[in-house]
Amino acid sequence: MTITFLENIKELATLIIFISCVIYRRQLKLTKWKRKLTKGELTMYLVTTIAIPVYAISYLMLL
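The written sequence of each chain sets the order in which its residues are numbered from 1. Confidence filtering applies because this is a predicted model: local features only for residues at pLDDT of at least 70, side-chain atom pairs given and counted only at 80 or more, and all residues used for totals across whole chains, interfaces and linings. With hydrogens and water excluded, all non-hydrogen atoms of the structure serve as input to the side-chain values.

A. Quick look at the pattern of salt bridges. By salt bridge we mean one thing: a side-chain nitrogen of Lys or Arg within 4 Å of a carboxyl oxygen of Asp or Glu. Summed over all chains, the structure comprises one salt bridge. Across the salt bridge formed by R35 and E41, the nearest N and O atoms sit 3.0 Å from each other.

This is the structure:
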């Protein structure tokens, strides 16, 4: 029972991180329209752009 509860907490945390990643990417995209992104912002934009589909595909493969 404890292990199942901890697995559910882990899944919830992963989902929250994924949603945060999507929201942050959207914010960077809006910022990109207004001004040029800094090197750090551009790096995060590229990382999140790659990470979101990779996570989605790997999650679906594990189901």
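This is not the end of the story, as more comes after the structure.
B. How the structure looks around the side chain of T31. Runs of E in the DSSP output that reach at least two residues are strands. Runs of H or I that reach at least four are helices, and both are numbered from the N terminus. For T31, the location among the structural elements is in helix α1 (residues 2–34). Any pair of N or O atoms that falls within 3.5 Å is considered a polar contact. Within protein, one atom must be able to donate a hydrogen and the other to accept it, and sequence-neighbouring residues count only if both atoms are side-chain atoms. Only 2.9 Å separates the side chain of T31 from the backbone oxygen of Q27, close enough to count as a polar contact.

C. Highlighting the environment of Y24. With respect to the element layout, Y24 can be found in helix α1. Accessibility expressed as a relative area gives 32% for Y24, which makes it partly exposed. Sequence separation between Y24 and L42 is 18 residues, and the spatial gap between their C-alpha atoms is 12 Å. Each residue is assigned to one of three classes by its accessible area relative to the maximum for its type, calculated with a 1.4 Å probe on protein chains only: buried under 20%, partly exposed between the two thresholds, exposed over 50%.

D. Representation of α1 within the structure. Its 33 residues give α1 an end-to-end C-alpha distance of 48 Å, which sits within 8% of 48 Å, the value for a rise of 1.5 Å per residue. Listed in full, the buried residues belonging to α1 are C21, L28 and T31. In this structure, the buried residues of α1 make contact with α2 (39–62). By definition here, a helix of n residues has an expected span of 1.5 Å times n minus one. Two residues qualify as a contact provided that any one of their heavy atoms is within 4.5 Å of a heavy atom in the partner residue.

E. Region of interest: α2. In this model, α2 (24 residues) spans 34 Å end to end at C-alpha, consistent with the 34 Å of a helix rising 1.5 Å per residue. Where α2 is concerned, the buried positions are E41, Y45, T48 and I52.

F. Main features of a nonpolar patch on the surface. A cluster of nonpolar side chains, L12, L15, I16, I19 and I23, forms an exposed patch at the surface whose accessible area comes to about 470 Å². Looking at where I16 falls in the secondary structure, it is placed in helix α1. Patches here are clusters of residues that have more than 30% relative accessible area and form no salt bridge, with a 9 Å joining cutoff for like charges and a 5 Å cutoff for nonpolar side chains (Val, Leu, Ile, Met, Phe, Trp, Tyr). Exposure was quantified through the Shrake-Rupley algorithm and a 1.4 Å probe, taking into account, for residues, occlusion by the shown protein chains and nothing else.

G. Main features of the packing of α1 against α2. Where α1 contacts α2, the axes come no closer than 9 Å and their chain directions differ by 140 degrees. As judged from the angle between their axes, α1 and α2 are oblique. In this structure, the crossing between α1 and α2 has a hand that is left-handed. Judged by residue contacts, E11, T14, F18, C21, V22, Y24, R25, L28, K29 and K32 of α1 engage E41, M44, Y45, T48, T49, I52, Y55 and Y59 from α2. Classes in brief: Ala, Val, Leu, Ile, Met, Phe, Trp, Tyr, Cys and Pro nonpolar; Asp, Glu, Lys and Arg charged; the others, Gly included, polar. Grouping the constituent residues of the contact of α1 with α2 by class yields 10 nonpolar, three polar and five charged. Axis definition: a line fit to C-alpha positions, over the contact stretch in the case of helices; interaxial angles, taken between N-to-C directions, run 0 to 180 degrees. Angular relationships are summarised with four words: roughly parallel below 35 degrees, roughly antiparallel beyond 145, roughly perpendicular across 65 to 115, and oblique for the angles in between. Take the far helix as your reference; a near helix turned counterclockwise from it by less than a right angle gives a left-handed crossing, and one turned clockwise gives a right-handed crossing.

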